[in-house]
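# Fold and contact review
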Amino acid sequence: MFSECGVIRLVARTRDTDVACPDCAALSSRVHSTYGRRLADTPVGDRPVLIKLTVRRLYCENARCSRRTFAEQVEGLTVRYSRRTPAARRVLEAVSVALAGRAGSRLAAALHLRVSRTTLLRAVMALPDPAWTVPRVLGVDDFATRRGQHYGTVLIDCETGQPLDLLHGRDAATLAGWLRKHPGSQIICRDRAGSYADGARTGAPNAVQVADRFHLWQNLGTAVERSVSRHNNCLKAAAVTTDVPASEAAVDVADATTEISPIEARIRERHAIVHALLAQGHGIREIARELHMGGNTVRRTARAASPEELLSRRRQPRPSQLDPYKPHLDNRWVEGITNAIHLHAELQELGYRGSYQTISDYLRPRRRRRIRVVTPAPPSVRQVTGRMMRHPEHLGDDASQQFTNVLTQCPELTALHGHVRAFAEILTTRSGQHLKDWITATCADDLPGLHTFAVGLEKDWDAVVQGLTTRWNSGPVEGRVNHIKMLKRQMFGRAKLPLLRKRVLLTATVRRHTE
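This is a predicted model, so every value here is computed, not measured. (Residues numbered from 1 in each chain as written. Predicted model: local features only at pLDDT ≥ 70, side-chain atom pairs only at ≥ 80, totals over all residues. Heavy atoms only, no water.)

### Quick notes on the packing of helix H6 (residues 213-229) against helix H20 (residues 448-459)
The axes of two packed helices give the description: the angle between them and the distance between them. As a packed pair, H6 and H20 sit with axes 7 Å apart at the nearest point and diverge in direction by 155 degrees. One element, H6, and the other, H20, form an angle in the roughly antiparallel class. Seen from H6, the contacting residues are Leu-216, Asn-219, Leu-220, Ala-223, Val-224, Arg-226 and Ser-227; seen from H20, they are Gly-449, Leu-450, Thr-452, Phe-453 and Leu-457. A class-by-class count of the residues in the contact of H6 with H20 yields seven nonpolar, four polar and one charged. (Axes fitted to C-alpha atoms, helices over the stretch in contact; angles between N-to-C directions. Helix = DSSP H or I, 4+ residues; strand = E, 2+ residues; numbered from the N terminus. Parallel < 35°, antiparallel > 145°, perpendicular 65-115°, else oblique. Contact = heavy atoms within 4.5 Å. Nonpolar A, V, L, I, M, F, W, Y, C, P; charged D, E, K, R; others polar.)

### Details of empty space enclosed by the protein
Inspection of the entire model under this criterion finds two cavities of 30 Å³ or more. Each pocket or cavity is described by its volume, and for the largest cavity that value is around 50 Å³. Along the walls of the largest cavity sit Thr-145, Lys-488, Gly-493, Ala-495, Lys-496, Leu-497 and Leu-500, which together make up its complete lining. Grouping the amino acids of the lining of the largest cavity by side-chain chemistry returns three nonpolar, two polar and two charged. (1 Å grid on protein atoms, 1.4 Å probe; cavity = no way out; pocket = protein on both sides within 12 Å on 5 of 7 lines; lining within 4 Å. Points joined across faces, edges and corners; volume = space filled by probe spheres on them.)

### Section: the pattern of salt bridges
Under the definition given, this model contains 20 salt bridges. As a salt-bridge pair, Asp-16 and Arg-13 come within 3.6 Å of each other at their nearest N and O atoms. The class of Arg-13 is exposed, set by a relative accessible area of 56%. One salt bridge connects Asp-142 with Arg-170, and the closest N-O pair in it is separated by 2.7 Å. Of the two residues, Asp-142 is situated in strand S8 (residues 137-146) and Arg-170 in the loop between strand S10 (163-168) and helix H4 (172-181); the sequence distance between them amounts to 28 residues. Residue classification places Arg-170 among the partly exposed residues on the basis of a relative accessible area of 36%. Through salt bridges that share partners, Arg-13, Asp-16, Arg-56 and Glu-72 make up one connected network. (Salt bridge = Lys/Arg side-chain N within 4 Å of Asp/Glu carboxyl O. Buried < 20%, exposed > 50% of the residue type's maximum accessible area, 1.4 Å probe, protein only.)

### Digging into the sheet that holds strand S12 (residues 208-211)
With respect to topology, five strands assemble into an open sheet ordered S10-S9-S8-S11-S12, the strand pairing being mixed. Where the open sheet ends on each side, the last strands, each with one partner, are S10 and S12. Strand-to-strand twist in this sheet, taken as the mean axis angle between neighbours without regard to direction, amounts to 25 degrees. Here four bridges tie strand S11 (residues 187-190) to S12, and the two strands are oriented parallel to one another. Bridging from a neighbouring strand, Cys-189 pairs with Val-210 of S12. Where helix H21 (residues 461-469) meets the sheet, it contacts S11 and S12, and its direction lies at approximately 70 degrees from that of S12. (Pairing = 2+ DSSP bridges.)

### As for the environment of Glu-335
With respect to the helices, strands and loops of the structure, Glu-335 is situated in the loop between helix H13 (326-334) and helix H14 (340-349). Given the relative accessible area of 55%, Glu-335 is considered exposed.

### With respect to the pairing of S10
With five of six residues buried, S10 lies mostly within the body of the structure. In this sheet, S10 lies alongside strand S9 (residues 150-157) in antiparallel orientation, the contact comprising five bridges. What sits directly across from Leu-155, in S10, is Asp-165.

### With respect to the side chain of His-417
With respect to the helices, strands and loops of the structure, His-417 is situated in helix H18 (residues 411-429). If sequence neighbours within four positions are ignored, His-417 has contacts with Met-388, Phe-403 and Leu-407.

### Side note on the environment of Val-97
Residue placement: Val-97 occurs in helix H1 (residues 86-99). Not counting residues up to four positions away in its chain, the partners in contact with Val-97 are Val-124, Leu-127, Arg-503, Leu-506 and Thr-507.

### A word on H21
Buried within H21 are the following residues: Ala-463, Val-464, Gly-467 and Leu-468. Taken down its axis, H21 places every buried residue within 130 degrees of arc, on the same side. Residues of H21 that are buried sit in contact with S11, S12, H6, H18, helix H19 (435-443) and H20. (Arc of directions from axis to C-beta.)

### With respect to the confidence of the model for the protein chain
Confidence along the protein chain averages 85 in pLDDT terms, with 90% of residues attaining 70 or more. This model gives residues 241-259 a pLDDT under 50, and the stretch forms 29 contacts once residues within four places in sequence are excluded. (pLDDT = per-residue confidence, 0-100.)

### Looking at the packing of aromatic side chains
Considering all chains together, one arrives at five aromatic pairs under this definition. Geometrically, the ring pair formed by Phe-423 and Phe-453 is edge-to-face, given 5.6 Å between the ring centres and 75 degrees between the ring planes. Separated by 30 residues along the polypeptide, Phe-423 in helix H18 and Phe-453 in helix H20 bring together distant segments of the chain. Residue Phe-423 is classed as buried on the basis of its relative accessible area of 0%. Chaining the aromatic ring pairs together yields one cluster made of Phe-423, Trp-438 and Phe-453. (Phe/Tyr/Trp six-rings, centres within 6.5 Å; stacked < 30°, edge-to-face > 60°.)

Spelled out as structure tokens, the structure:
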């Protein structure tokens, strides 16, 4: 053993022992020739290791064997045609399963196992699929290979969480064909897609189908949103309209301009307006939009308890070209001449050489006699739907009060909220035996959105009842779909289905063994 250029080099040769022929297993020690092999091994002490091994080629002593010569292999060190030891190969296989091509190649270089991305991809594709048996409870869901264009189907064992296969397409024939090739599943958990229902019915007619509870709740949310949108006028009526007079929300600076500067008057007025709007429950962004001010200016004004805090931060005002003409402007304003263009022309005749904008800025505080206070925006359809689908205890005070106002304005939405809470009780307690009574009560009210939802439940009745009475659901499948999304992002979305399938199956197996 010696070290050269940072590489640990090991020189060795095989022993003079009998070796069995790989075909007939006859022992032989008759040497035909020798040759050298270079094997890369796992690094030692952050230094790469290279093994230079001299091996023998032997004659086969069995005259009946078709092989005349054969090369000996060292168990645990050499593999036919391999340029790496089994230990190094296992490391690269683990890297390829975890990171695939480019990322795996970069990690392997840090481990002193330089390898190309294509070699890693070949390594992961050459690994055998994990062994599995036909599950008793099968989970089915779709995933996107390219969102909006190409989709596939993922199949897992719901009891163990092990992924079984990834199929191209999400139609009924795809699922039915797989079920025919792998019979034996007793329960099939799926979403509300009709294609999976037909595929499960065709491929495994004796299996019990279970509609996932989360997708039932999601379908109910869609129906509730349609129903709420039909009563949009009730949402507008629930908004509270307020109008604050200028005397309460603003500072009248018409009489104070002779005592304080225009900038100070503007700061005091702004402070009063912003705090009046905050007291009414308006947000920072809403105030900034209404007053045409920057968000940071509104926040700074809102933090100040009094105008003096804002005034203390100001520098002393610099002299302006307008200062000698301000008494003239004040007198003309009192006389009723408020047009800044006319006043600018008058001052130019008196010798003023400043801009029109300076005059306009000086007069702006006088023009703000009243402000228009925006009323709180009515809740949107999605907001009302979200509050209706959420547990009442999880609503904040403001949201709860606004939601109560909406229900007060519309009896139909009150009835809709009652039906939603009743369905939530059935779903959380898994009391599907009461679903028929819920559908009857729903059809008695004028809620077309829920009527459509109820008709959909009746078409898939057996699976829906199983979903609302048994513990099985598609939660493990949804978790596996998230895992697929992570692997897709890791490979920049460039992986074809065979590589994605191999990594999903092998990564899940590695994680389960390590846990």
